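# Observations on chain architecture
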Amino acid sequence: MFTSYKVKPFFDEMLKESGKPKDHYQKFYDMIQNFTVDELKEKHETAQLSFLRQGITFTVYHNNVGAERTMPFDFVPIIIPPEDWETIEKGMMQRSEALNCFLHDVYHEQQIIKDGLIPRNLVEDNPYYYTKQMQGIKIPLNNHIFLAGIDLIRDENGKYLVLEDNLRNPSGISYVYQNRYVMRQVYPEFFAKHSVQTLEHQVTYLHEAIMDHAPKGVDNPRAVLLTPGIYNSAYYDHVFLAQQMGLPLVEGRDLIVSNNIVYMKTIRGLEKVDIIYRRIDDDFLDPQAFREDSTLGVNGLLEAYRLGNVAILNGIGNGVADDKAMYVYVPDMIRYYLNEEPIIENVTTYRLDNTCQREWVLERLHELVIKNVGSSGGYDMLVGPHATAQEIEIFREKILENPHQYIAQPTIKLSRAPSYQGEEFYPCHVDLRVFVMRGKETHVFPGGLSRVALKKGSLVVNSSQGGGGKDTWVMKAGGMS
């Protein structure tokens, strides 16, 4: 079944260099061998149909035209042993705490800038730094990051590295649940002999974290989930989370601010809103404070927030902490705020507004990955080894024109895992988005969203660029024998 599968030169999640399965994959590997070719094909097709029937989709935009797609699903899970997960969990809690300290600092004392660890212009020139709107605001728990989605990769030695931080509106929790649901429906035999950490209590933790941010003096807070609406690419995620947590799903037109208090319009009249879990970008939240042309937000929302009458999660202005230029400094933030060494390190990153680093990178564009510091989803990115000479020259011009807008990283030999597509197993590159939920307590979602580059040879795992998902199993301690 894996006869033509080549492990080298990459780290393989499932197989040793000999082609034999690693210990924590042995039971799964043995079960796979018992399926016939027809059974595998049938189960694969049933899994894809399950996503389609449930309407589990995302929207891909091209030339301003949106197309609905189902998330491609692969049934070979990523299995994480308990000792590896313990390291990931501690590393993610450490990183999100340091990033929150940074956000609180730059909107208050700015001590890290005064001490010279981070260049002032990198903060003040950042388009997502809303000092006018946010400077000095007191927010519940001093917590700017209620939910973080931190992307991890593994290099050719199997070492975990942080690829990027998502601190604004990280999406994907719904897909974690649906991947598990489909796996249990289509492959119940996989779970019979595996002690996998369940996902059952995680939405409860998420709901508790939201409620922990109630404004002072509010005992029974009312929370809502604010969505841009059905045309947003992550709308399924919004619907799923609102339903699971029992929160009203609202659009901007469903809310109104009166005397600096936020209300929801209902058939019974206006009802006070204390907490808004928003899935709308900062710029669109309040036409009076941000973009005047926004039809998605609520007039007067920022002033209600400033006065402490409503909590907005995630915090406004988080984008200053998670762009790809600031990423370079997160290890320094960990040392500065927590007096600790990073548990999980960054990928080596070159800042192109630095003359020496830029000159070095421009000579090696064919070897490196170039990323726009403000883009996501795999857009405006150059993968040097896979690029044409023309594409490399286009990026050379972009860098020379706006060097501060780009960073460079080595082309990491991303770890791979077997995937079953087109009636065969072949190796595909994977990464892992880990979700950190922060309220009065911090919880790390066991597993997270494993994304897989399903196109043969592709390094891009984003769903908008042809990637898919895998279920992620965190094994219980003592549950691997």
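Here goes a summary of the coordinates provided. (Residues numbered from 1 in each chain as written. Predicted model: local features only at pLDDT ≥ 70, side-chain atom pairs only at ≥ 80, totals over all residues. Heavy atoms only, no water.)

## Focus on the sheet that holds strand β7 (residues 249–250)
Strand-to-strand pairing in sheets goes through backbone hydrogen bonds, with the strands running parallel or antiparallel. One open sheet holds the four strands; their spatial order is β7-β6-β11-β12, and the pairing between them is parallel. Because the sheet does not close on itself, it has two edges, and the strands there are β7 and β12 (311–313). Note that strand β11 (residues 275–278) and β12 share three bridges and pair parallel. What sits directly across from I276, in β12, is I312. Sitting on the sheet, helix α9 (residues 202–211) touches β6 (223–226), β11 and β12, and the angle it makes with β11 is about 130°. (Pairing = 2+ DSSP bridges. Helix = DSSP H or I, 4+ residues; strand = E, 2+ residues; numbered from the N terminus. Contact = heavy atoms within 4.5 Å. Axes fitted to C-alpha atoms, helices over the stretch in contact; angles between N-to-C directions.)

## Digging into the side chain of D165
Among the structural elements, D165 can be located in strand β5 (residues 160–166). Here D165 falls in the buried class, since its relative accessible area comes to 3%. There is a polar contact of 2.6 Å between the side chain of D165 and the side chain of R95. Ignoring any residue separated from it by four or fewer positions in sequence, one finds D165 in contact with R95, L99, G149, I150, D322, Y327 and V330. (Buried < 20%, exposed > 50% of the residue type's maximum accessible area, 1.4 Å probe, protein only. Polar contact = N/O pair within 3.5 Å; in protein donor to acceptor, adjacent residues only side chain to side chain.)

## Quick word on the pattern of salt bridges
Applying the stated criterion to the full structure yields 28 salt bridges. Between D151 and R433 there is a salt bridge, and its shortest N-O distance comes to 2.8 Å. With D151 in strand β4 (residues 147–154) and R433 in strand β19 (residues 424–438), this residue pair connects regions lying 282 residues apart in the sequence. Accessibility classification places D151 together with R433 in one group, the buried group. The residue E271 makes a salt bridge to R268 at a minimum N-O spacing of 3.1 Å. Through salt bridges that share partners, D151, D431, R433 and R451 make up one connected network. (Salt bridge = Lys/Arg side-chain N within 4 Å of Asp/Glu carboxyl O.)

## Some remarks on the packing of α9 against helix α10 (residues 235–245)
Taken N-terminus to C-terminus, the directions of α9 and α10 make an angle of 85°; their axes are 10 Å apart at the nearest point. In terms of orientation, α9 lies roughly perpendicular with respect to α10. Mapping the contact onto sequence places V203, L206, H207 and I210 in α9 and L241, Q244 and M245 in α10. (Parallel < 35°, antiparallel > 145°, perpendicular 65-115°, else oblique.)

## Overview of unusual backbone geometry
Backbone torsion omega between L313 and N314 reads -15°, so that peptide bond is classified as cis. Along the chain, the position of N314 falls in the loop between β12 and α12 (319–322). With phi around 60°, Q110 is a residue other than glycine that occupies positive phi space. You will see that N260, though not glycine, has its phi angle at about 65°, which is positive.

## Some details on the pairing of strand β22 (residues 468–474)
Side-chain positions along a regular strand alternate between the two faces of the sheet. Burial runs high along β22: seven of the seven residues are buried. In this sheet, β22 lies alongside strand β21 (residues 449–452) in antiparallel orientation, the contact comprising three bridges. Bridged to R451 within β22 is G469.

## A closer look at a negative patch on the surface
Judged by side-chain charge, D38, E39, E42 and E45 come together as a negatively charged surface patch. Its location among the elements puts E39 in helix α2 (residues 37–53). (Patch = residues over 30% accessible without salt bridge, like charges linked within 9 Å, V, L, I, M, F, W, Y side chains within 5 Å. Areas by Shrake-Rupley, 256 points an atom, 1.4 Å probe, with all protein chains shown as cover. Lys, Arg positive; Asp, Glu negative; His and termini not counted. Charge placed at Lys NZ, Arg CZ, Asp CG, Glu CD.)

## Describing the side chain of K43
Mapping K43 onto the fold places it in helix α2. For K43, a relative accessible area of 16% corresponds to the buried category. Of note is the side chain of K43, whose polar atom sits 3.5 Å from the side chain of E189. Beyond its immediate sequence surroundings of up to four residues, K43 is in contact with F35, V186, Y187 and E189.

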